[in-house]
Amino acid sequence: MGKGGDISENKEEIAGSFGPSLGTRVESIHSCVHILADGHLCIGSESIGFRSIDLGNERTIVFALVDISSVDEIDSSDLCIKTRSGEDFIFSSFENRDDVVTALKEANKKALSTFSADGDKAPK
């Protein structure tokens, strides 16, 4: 795993492992590494999630797209997602990092506009 692009053959299985937490649809799934664990970053309609199972240990991270304050490029294949609560999540070893950054920024923008359109105030 680790170095990998978009996942197509196991998309339903990977997305299903998050249950309904990603939202009504999964936009894209990307192989990557987080804290030395190979896994998948899934961009959903409402949230993003990372899931890995390394040596039998499962690691899952999920947070709402509206909680993202920035997505920054690091090196040639890595990115950092910063949340409004001040947390930084670094993901690495993307084959198509620029495409992932674009997808994350677009999903975040769409989620924020949907959040605001529903009459709620967007998080600061």
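Use the structure listed above.
Residues numbered from 1 in each chain as written. Predicted model: local features only at pLDDT ≥ 70, side-chain atom pairs only at ≥ 80, totals over all residues. Heavy atoms only, no water.

Q: Quick question: what am I supposed to make of the packing of aromatic side chains here?
A: Aromatic rings considered in pairs are described by the distance between their centres and by the relative angle of their planes. The full count for this structure, using the stated rule, is 2 aromatic pairs. Plain terms: the ring middles of F50 and F91 are 5.5 Å apart, the flat faces sit at 50° to each other, and that makes the pair tilted. Linking F50 in strand 3 (residues 47–54) with F91 in strand 7 (residues 88–91), this pair joins segments that are 41 residues apart in sequence. Here the two residues F50 and F91 agree in accessibility, since each one is buried. (Phe/Tyr/Trp six-rings, centres within 6.5 Å; stacked < 30°, edge-to-face > 60°. Helix = DSSP H or I, 4+ residues; strand = E, 2+ residues; numbered from the N terminus. Buried < 20%, exposed > 50% of the residue type's maximum accessible area, 1.4 Å probe, protein only.)

Q: Any chance you could explain the nonpolar core here in plain terms?
A: Soluble globular proteins: nonpolar side chains tend toward being buried together. Core analysis: the largest hydrophobic core is formed by 22 residues, its most contacted members being L41, I48, L79, I81, F91 and L104. Those elements giving two or more residues to this core turn out to be strand 2 (37–44), strand 3, strand 4 (57–64), strand 5 (68–74), strand 6 (78–83), strand 7 and helix 2 (97–117). Sorting elements by how many residues they give to this core places helix 2 first, with 6 residues. Discounting chain neighbours no more than four positions away, the residues touching I81 are I48, F63, I68, S70, E87, D88, F89, F91 and L104. Counting 6 residues, the second-largest nonpolar core is a separate cluster that includes F18, L22, I29 and C42. (Core = buried A, V, L, I, M, F, W, Y, C linked by side-chain atoms within 4.5 Å. Contact = heavy atoms within 4.5 Å.)

Q: Looking at this structure, how should I read the pairing of strand 1 (residues 26–34)?
A: Remember that side chains alternate between the two faces of the sheet whenever the strand is regular. For strand 1, the tally of buried residues reaches 7 of 9 residues, placing the bulk of the element in the interior. One ladder, built from 8 bridges, connects strand 1 with strand 2; its direction is antiparallel. Within strand 2, the residue paired with S28 across the bridge is I43. From the end of strand 1 to the start of strand 2, which pair antiparallel, there are 2 residues, and I35 there has a positive phi angle of about 50°. (Pairing = 2+ DSSP bridges.)

Q: Looking at this model, I keep getting lost on the sheet that holds strand 2. Mind explaining?
A: Strands pair in a sheet through their backbones, by hydrogen bonds, and they do so in one of two ways: parallel or antiparallel. One open sheet holds the 4 strands; their spatial order is 1-2-3-4, and the pairing between them is antiparallel. Pairing within the sheet leaves two strands with one partner each, and these edge strands are strand 1 and strand 4. Ignoring strand direction, the axes of neighbouring strands in this sheet form an average angle of 15°. Across 4 bridges, strand 2 lies against strand 3 in antiparallel orientation. Bridged to H40 within strand 3 is R51. (Axes fitted to C-alpha atoms, helices over the stretch in contact; angles between N-to-C directions.)

Q: In this structure, what is going on with the pattern of salt bridges? I would like to understand it.
A: In a structure, side chains of opposite charge can pair up when their charged atoms sit close to one another. Applying the stated rule across the entire model yields 4 salt bridges. E27 is the salt-bridge partner of R25, the closest N and O atoms lying 2.7 Å from each other. The exposure class of E27 is partly exposed, given its relative accessible area of 40%. Between D72 and K82 there is a salt bridge whose closest N-O contact spans 3.8 Å. One end of the pair, D72, is in strand 5; the other, K82, is in strand 6, with 10 residues separating them in the sequence. Taking the relative accessible area as the measure of exposure, D72 reaches 28% and is therefore partly exposed. Take K82: its relative accessible area is 32%, and that puts it in the partly exposed class. (Salt bridge = Lys/Arg side-chain N within 4 Å of Asp/Glu carboxyl O.)

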